Amino acid sequence: MEWICVYHRGQPIANVCLEKVYENLLILSNFYVIPNMRSQVIGRGLLSSIFKDYKAHRWMLFVNRENIGAVALYKKLGFKIRGQVANVDKDRNGI
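The structure contained in this document is the topic of the report that follows. From a predicted model like this one, the values you see are computed outputs, not experimental measurements. (Residues numbered from 1 in each chain as written. Predicted model: local features only at pLDDT ≥ 70, side-chain atom pairs only at ≥ 80, totals over all residues. Heavy atoms only, no water.)

What about the packing of aromatic side chains?
Phase 1 of the analysis: For the structure shown, the criterion picks out five aromatic pairs.
Phase 2 of the analysis: Ring geometry for Phe31 against Tyr74: centres 6.3 Å apart, planes inclined by 55°, an arrangement best described as tilted. Taken as a pair, Phe31 in strand S3 (residues 25-33) and Tyr74 in helix H2 (residues 68-76) lie far apart in primary sequence, 43 residues in all.
Phase 3 of the analysis: Each ring, one from Phe51 and one from Phe79, has its centre 5.8 Å from the other, and the planes form 55°; the classification is tilted. You can see Phe51 sitting in helix H1 (residues 42-53) and its partner Phe79 sitting in the segment after H2, a full 28 residues away along the chain.
Phase 4 of the analysis: According to the relative accessible area criterion, Phe51 is buried, its value standing at 16%.
Phase 5 of the analysis: For Phe79, a relative accessible area of 17% gives the class buried.
Phase 6 of the analysis: These aromatic residues form a ring-pair network of at least three members: Phe31, Phe51, Tyr54, Trp59, Tyr74 and Phe79. (Phe/Tyr/Trp six-rings, centres within 6.5 Å; stacked < 30°, edge-to-face > 60°. Helix = DSSP H or I, 4+ residues; strand = E, 2+ residues; numbered from the N terminus. Buried < 20%, exposed > 50% of the residue type's maximum accessible area, 1.4 Å probe, protein only.)

Shown next, in the form of structure tokens:
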């Protein structure tokens, strides 16, 4: 796993995790930009830079379909929806 963090004036403002699954397949996870820095192309710039650095790789990610902003960003970056996973919850009493 590789964590990438973006700092502004010494403070972290964005992060992302890359996990190598196979030789040429990476999972993108834990992508986050602090709320007051969103809509400033920081996230798109970070991901675009990563995709250039790892251009020989295929990518996969999982996102909550109700997170419309994230889904829109990923679509703009070329991701396609391949399937959906059902919401699965475990009752605390079942632990």
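There is more to say, and it comes next.
Concerning the sheet that holds S3
Phase 1 of the analysis: Strand order in this open sheet of four strands is S1-S2-S3-S4, and the pairing throughout is mixed. Single-partner strands in this sheet number two, and they are strand S1 (2-8) and strand S4 (58-61). Going across the sheet, the axis of each strand differs from the next one's by a mean of 30°, ignoring polarity.
Phase 2 of the analysis: Looking at chain direction, S3 and S4 are connected through four bridges and run parallel. Residue pairing across strands places Ile27 opposite Met60, the latter belonging to S4. (Pairing = 2+ DSSP bridges. Axes fitted to C-alpha atoms, helices over the stretch in contact; angles between N-to-C directions.)

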